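Descriptive analysis of the structure
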Amino acid sequence: MVKDLSIELCGIKLANPVVPASGTFGFGLELADSFNLNILGGISLKGTTLEPRYGNPTPRVAECHDGMINSVGLQNPGIDALVSQKVPALRKVYDGCIIANISGFSIDEYRTCCAKADACEGIDIIEVNISCPNVHNGGMAFGTSPDAAADVTRAVKSVCKNKPVFIKLSPNVTDIVAIARACEDAGADGLTLVNTFLGMRIDIKQRKPVIANTMGGYSGRAVFPVALRMVYQVAHACKIPVMGCGGVASAEDVIEMMMAGATAVQVGAENLRNPFACPEIIEALPDKLEDLNIESIKDIIKVV
Amino acid sequence: MKKQSYTIAENRLVATKTYKLVLEGEGLVDGEFVNLEIPGFYLRRPISVCDAEEGRITLYYKTVGKGTAFLADLPEGSKIGVLTGLGRGFDADACKEEALLVAGGLGAAPLYLLAKKLKAQGKKVNVVLGFNKADEIVLVDEYKALCDSFELATLDGSAGIKGFVTDAISAMKPNYDFFYTCGPMVMMRAVCGALEGSGEASLEERMGCGAGFCYCCSIHTAAGTKRVCKDGPVFKKEDIIW
Ligand SMILES: Cc1cc2nc3c(=O)[nH]c(=O)nc-3n(C[C@H](O)[C@H](O)[C@H](O)COP(=O)(O)OP(=O)(O)OC[C@H]3O[C@@H](n4cnc5c(N)ncnc54)[C@H](O)[C@@H]3O)c2cc1C
Ligand SMILES: Cc1cc2nc3c(=O)[nH]c(=O)nc-3n(C[C@H](O)[C@H](O)[C@H](O)COP(=O)(O)O)c2cc1C
Ligand code: FES
């Protein structure tokens, strides 16, 4: 039976709800030789800042039980290269929804980058990362207080005239709903949650942290229940659409996230262990919907 | 990059903590390394391709941690998930007539595939292998059967020349127009420092995806920021910042 997998985010139609999460799918083109990218509902591009960045020293990755810690630290070629090279190159092979993921170290930087992204034809949605745990005095600092989150939201909304703005939230907070509401009140068009959980591993033989930067962002299958809980809380407290993210690894997980309130679902670290995770999940969705007597995937959003 | 399922045809202890793993599946694998899915472990384990024929890959690995220890217990006949077609390998064409290959420990594995290619191109191949001790030695017979000249060194002198690979190179005084090296970083650094002329070395870095899209393995090189898994693991001597 043909199932309707399509969803809509702020008026933008996605063929299905599955989107590789920022930082776990490069700038899209890196995987173009491995499978047909057009299968994907959308692609969230690697986090981009005003200036090019090398990122953090290596090791940048530590394995954990059912998950991993990363400390890439926003390695990227800068916003100008994103809009002039990365996005046009991806557009040549990909017709779906392109999400630019923007990070910054100051409100001004967020504003400048988002204005450039807003002016870029190939970009459909702007995702503002106020939750990166991997850079000092930037990223997550804006995502851990409702006032700071609202300030960033207002600043970027004032320059984004063409494209919907999703604010990407940190789970490293005591009350994610308060921050979500602050962003909604400040004019956000949608929310993505969650980013990674601040974590750490120690090499017990060498008596030192595995990650060169000591700490990093923990994510992967293990965080799914916590992410799901946050998506549920936020989706029930806010009216704007939510992209659910955190530990998603199967078609069942996608359905669960959507039932909790997500309109679209992002797949992160799972791509690293299985670069074919997204196409495999999308392929598995129709049968799962059939098992559950669901005709159209839209119908399950926030049913719980 | 391809995701494939292979059958373990051989998984045997061949030297101290060192296993030979032969996998059977479909097609001829290209790429410098494969990324093995180990049941119960979140990330894959990158292992260099030592030999590849139609339907068959040979790998050598050392048990250094929990993942490789689990791998060592997988019985012959069991299935294993493998990502193939990863990494940019040694450039056999960079050598005109005569090559020098210098390996430390299991660095001998990926250089074997290169030695076969160089021989198939009709070039002379000189090989120096270094190990800590005699009981760690692998692939010596294979190399001897293939190469034009061969020298062995062990740190404790339990086989071959006593000392480092650089000592064995001094003893051998090989001719070469291009060299290739793979092994521990300190060894490759010493080799690249000691040897005249151009060469390539294969670097190691902790990896996330192993396939070029997570940027966990980025390093600084003289030619800019590079991903070890995709732009490497093999880099030109001149480009490596030690
Ligand atoms: C391109 C490349 C080729 C390699 N080829 C070989 C080979 O042919 N034979 C061989 O024995 N080993 C090889 N290695 C090293 C091998 O990947 C590690 O020894 C192995 O991943 C260790 O896993 P573990 O679970 O036993 O160790 P643990 O220390 O428990 O592993 C924990 C994590 O660290 C990673 N890790 C640990 N050591 C290394 C290392 N030296 N390099 C990269 N990641 C590491 C693991 O992959 C895992 O994610 C290669 C590494 C790279 C990058
Ligand atoms: C290697 C890696 C890099 C990431 N880089 C970014 C980034 O640049 N911007 C961002 O907003 N989130 C980034 N993230 C967070 C993911 O997009 C996602 O929110 C998080 O990993 C939770 O999902 P998961 O459990 O499916 O991995 C990164 C995650 C990983 C694993
Ligand atoms: S390990 Fe992912 S880019 Fe190299």
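It should be emphasised that the depicted structure is a prediction, and the values quoted were computed from it without experimental measurement.

As a further point, take the domain arrangement of chain B. Residues and elements named next belong to chain B. Assigned domains within chain B: domain 1 (2–86) and domain 2 (92–239). Here domain 1 and domain 2 share an interface that buries about 1,600 Å² over both sides, 62% of which is from carbon and sulfur atoms. Considering only the surface of domain 1 that becomes buried against domain 2, Glu-32, Cys-50 and Tyr-60 emerge as the three largest contributors, covering 31% of it. Across the domain 1-domain 2 interface, the total number found is two salt bridges. Note that Asp-51 and Lys-116 form a salt bridge whose closest N and O atoms lie 2.9 Å from each other. Within the residue set of the side of domain 1 that touches domain 2, elements represented by two or more residues are β1 (2–15), β3 (33–36), β4 (45–48), β5 (51–53) and β6 (56–62). The biggest single contributor to the side of domain 1 that touches domain 2 is β6, with three residues. Residues belonging to the side of domain 1 that touches domain 2 are distributed by class as follows: eleven nonpolar, four polar and three charged.

Let's shift gears to the site of ligand 2. Residues and elements named next belong to chain A. Among the 21 residues in the neighbourhood of ligand 2, the closest are listed as Ser-22, Lys-168, Ser-219, Gly-247 and Ala-269. At a separation of 2.8 Å, an oxygen atom of ligand 2 approaches a polar side-chain atom of Ser-219. Between ligand 2 and Gly-247 there is a distance of 2.6 Å, counted from an oxygen atom to a backbone nitrogen or oxygen. Here ligand 2, which alone exposes 600 Å², has 97% of that area covered by the protein. In this structure the site holding ligand 2 corresponds to the largest cavity. Tallied by class, the residues present in the shell around ligand 2 amount to six nonpolar, 14 polar and one charged.

Right, let's talk about the interface of chain B and chain A for a bit. Taken together, the contact between chain B and chain A spans 26 residues of the former and 34 residues of the latter. In total, about 2,500 Å² of surface goes out of reach between chain B and chain A, with carbon and sulfur atoms giving 58% of it. It is Tyr-42, Phe-213 and Tyr-215 of chain B in chain B that bury the most area against chain A; as a group they hold 36% of the surface buried on that side. Viewed at the interface, chain A and chain B are joined by two salt bridges. For Glu-63 of chain A, the salt bridge identified is with Arg-45 of chain B, shortest N-O distance 2.7 Å. At the surface where chain B touches chain A, the tally comes to 13 residue pairs in polar contact (both at pLDDT 80 or more). Elements with a contribution of two residues or more to the side of chain B that touches chain A: β1, β14 (218–221) and β15 (224–227) of chain B. With three residues, the single largest contributor to the side of chain B that touches chain A is β14 of chain B. Taken together, the residues that form the side of chain B that touches chain A break down as 13 nonpolar, five polar and eight charged.

What follows concerns the pairing of strand β2 (residues 18–24) of chain B. All names here are of chain B. Among the seven residues in β2, six count as buried, and that is most of the element. Relative to β2, β1 runs antiparallel, the two sharing seven bridges. Among the inter-strand pairings, Leu-13 is bridged to a residue of β2, identified as Tyr-19. Hairpin geometry of β1 and β2 is characterised by an intervening segment of two residues between the two adjacent antiparallel strands and by a positive phi of about 55° at Lys-17. The pairing of β2 with β6 spans seven bridges and is antiparallel. Pairing of Leu-23 across the sheet is with Ile-57, part of β6.

Attention shifts here to empty space enclosed by the protein. Residue and element names in this part refer to chain A. Applying the stated criterion to the full structure yields one cavity of 30 Å³ or more. Size it by volume and the largest cavity reaches roughly 500 Å³. Ser-22, Thr-24, Asn-70, Asn-195 and Thr-196 are the residues nearest the centre of the largest cavity, which is lined by 37 residues in total. Mapped onto the lining of the largest cavity, the elements with two or more residues apiece are β6 (67–70), β14 (215–219) and α8 (270–273). Of the residues that constitute the lining of the largest cavity, the class distribution is 17 nonpolar, 16 polar and four charged.

Once that is clear, we can look at the sheet that holds strand β7 (residues 79–86) of chain B. All names here are of chain B. Within the open sheet, the seven strands sit side by side as β4-β3-β7-β1-β2-β6-β5. Their pairing is antiparallel. Unpaired on one side and paired on the other, β4 and β5 mark the two borders of the sheet. Each strand axis lies, on average, 35° off the axis of its neighbour in the sheet, ignoring direction. Summarising the sheet, β3 and β7 pair through three bridges and their orientation is antiparallel. The residue bridging Asn-35 from the neighbouring strand is Leu-83, located in β7. Lying on the sheet, helix α2 (residues 108–120) is in contact with β4, β5 and β6; it crosses β5 at an angle near 50°.

Here the focus is the environment of Gly-216 of chain A. Residues and elements named next belong to chain A. Residue placement: Gly-216 occurs in strand β14. The class for Gly-216 is buried, based on a relative accessible area of 0%. Here the alpha-carbon distance between Gly-216 and Thr-153, two residues 63 residues apart in the chain, equals 25 Å.

Glancing now at helix α2 (residues 107–118) of chain A. A turn of α-helix holds 3.6 residues, and therefore any two residues three or four places apart point the same way. Residue and element names in this part refer to chain A. Spanning twelve residues, α2 covers 16 Å between terminal C-alpha atoms, matching the ideal 16 Å at 1.5 Å per step. Three or more residues of α2 are buried, namely Glu-109, Tyr-110, Cys-113, Cys-114, Ala-117 and Asp-118. Around the axis of α2, the buried residues are gathered within 160° of arc, so they sit on the same side.

Reading the values: the criteria
- Residues numbered from 1 in each chain as written.
- Chains lettered and ligands numbered in written order.
- Predicted model: local features only at pLDDT ≥ 70, side-chain atom pairs only at ≥ 80, totals over all residues.
- Heavy atoms only, no water.
- Domains from an automatic or database assignment.
- Buried area = accessible area lost by both parts, 1.4 Å probe.
- Salt bridge = Lys/Arg side-chain N within 4 Å of Asp/Glu carboxyl O.
- Helix = DSSP H or I, 4+ residues; strand = E, 2+ residues; numbered from the N terminus.
- Nonpolar A, V, L, I, M, F, W, Y, C, P; charged D, E, K, R; others polar.
- Near = heavy atom within 4 Å.
- Polar contact = N/O pair within 3.5 Å; in protein donor to acceptor, adjacent residues only side chain to side chain.
- Areas by Shrake-Rupley, 256 points an atom, 1.4 Å probe, with all protein chains shown as cover.
- 1 Å grid on protein atoms, 1.4 Å probe; cavity = no way out; pocket = protein on both sides within 12 Å on 5 of 7 lines; lining within 4 Å.
- Sits in = over half its atoms within 2 Å of the grid points.
- Contact = heavy atoms within 4.5 Å.
- Buried < 20%, exposed > 50% of the residue type's maximum accessible area, 1.4 Å probe, protein only.
- Pairing = 2+ DSSP bridges.
- Points joined across faces, edges and corners; volume = space filled by probe spheres on them.
- Axes fitted to C-alpha atoms, helices over the stretch in contact; angles between N-to-C directions.
- Expected span 1.5 Å × (residues − 1).
- Arc of directions from axis to C-beta.

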